[in-house]
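# A look at the structure
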Amino acid sequence: MEQIIKAIIQIDRNAIKKQEEAREKLEELNENKKSMLLSLKKEMEAKAKEEVDAYRADARKEIEEQEVVIRKQGEERREKLDKRYAEYADKIGEETFRMILRGMEG
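Before going into details, it helps to say that this report is about the structure given with it. Because the structure is a prediction, the values reported are computed rather than measured. (Residues numbered from 1 in each chain as written. Predicted model: local features only at pLDDT ≥ 70, side-chain atom pairs only at ≥ 80, totals over all residues. Heavy atoms only, no water.)

Here we come to the overall build of the protein chain. In terms of regular secondary structure, the protein chain is built from 1 helix and 0 strands. For a compact globule of 106 residues, the expected C-alpha radius of gyration is about 13 Å, and the protein chain comes in at 45 Å, more than 25% above that figure. Taking the principal axes of its C-alpha atoms as reference, the protein chain extends roughly 155 × 15 × 10 Å. The buried share of the protein chain, taken over its 106 residues, is 0%. Counting only carbon and sulfur atoms, one obtains 57% of the accessible surface of the protein chain, whose full area is about 10,500 Å². Looking at charge distribution, the protein chain has the averaged site of its 25 positive side-chain charges lying 3 Å from that of its 27 negative ones. (Helix = DSSP H or I, 4+ residues; strand = E, 2+ residues; numbered from the N terminus. Rg over C-alpha atoms; globule rule 2.2 N^0.38 Å. Buried < 20%, exposed > 50% of the residue type's maximum accessible area, 1.4 Å probe, protein only. Areas by Shrake-Rupley, 256 points an atom, 1.4 Å probe, with all protein chains shown as cover. Lys, Arg positive; Asp, Glu negative; His and termini not counted. Charge placed at Lys NZ, Arg CZ, Asp CG, Glu CD.)

With that settled, the discussion passes to the environment of Gly 93. Within the secondary structure, Gly 93 is located in helix α1 (residues 2–105). In this structure Gly 93 comes out as partly exposed when scored by relative accessible area, which is 38%. For Gly 93 and Ile 4, which are 89 residues apart along the polypeptide, the C-alpha to C-alpha distance reads 130 Å.

Right, let's get into a nonpolar patch on the surface. A cluster of nonpolar side chains, contributed by Leu 81, Tyr 85, Tyr 88 and Ile 92, occupies part of the molecular surface with about 430 Å² of accessible area. Structurally, Tyr 88 is set in helix α1. (Patch = residues over 30% accessible without salt bridge, like charges linked within 9 Å, V, L, I, M, F, W, Y side chains within 5 Å. Salt bridge = Lys/Arg side-chain N within 4 Å of Asp/Glu carboxyl O.)

Okay, the pattern of salt bridges next. Taken as a whole, this structure holds 8 salt bridges when the rule is applied. Here Lys 34 ties to Glu 31 by a salt bridge, and the two come within 3.9 Å at their closest N and O atoms. With Lys 34 and Glu 31 both in helix α1 and 3 residues apart, the pair spans about one turn of that helix. Across the pair Glu 75 and Arg 78 runs a salt bridge whose closest N-O atoms are separated by 2.3 Å. Of this pair, Glu 75 and Arg 78 both sit in helix α1, separated by 3 residues, roughly a single helical turn. Classification of Glu 75 as partly exposed rests on a relative accessible area of 32%.

Right, dumping it as structure tokens:
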């Protein structure tokens, strides 16, 4: 009878020990899970930041290219207007000179 009680107690102790080991293993696995999730989160954030930075760089490059085109178009328009105004100024000067000559002749 005493042997049976000792055996039952030993079985209970073994069961308690196994439960404790299982709980410790579960806690360890949970800690590993948390660590892996944090690592994954950091990787995802880094990748997202990298993608955003790349997008910003592309956008800046595109904006700069558009600025160059706009400046070039503006410069071309300015040159055309300057040329047109110079032609008008020459014509006005010629007409004024002719009018003065006509006035002197008449």
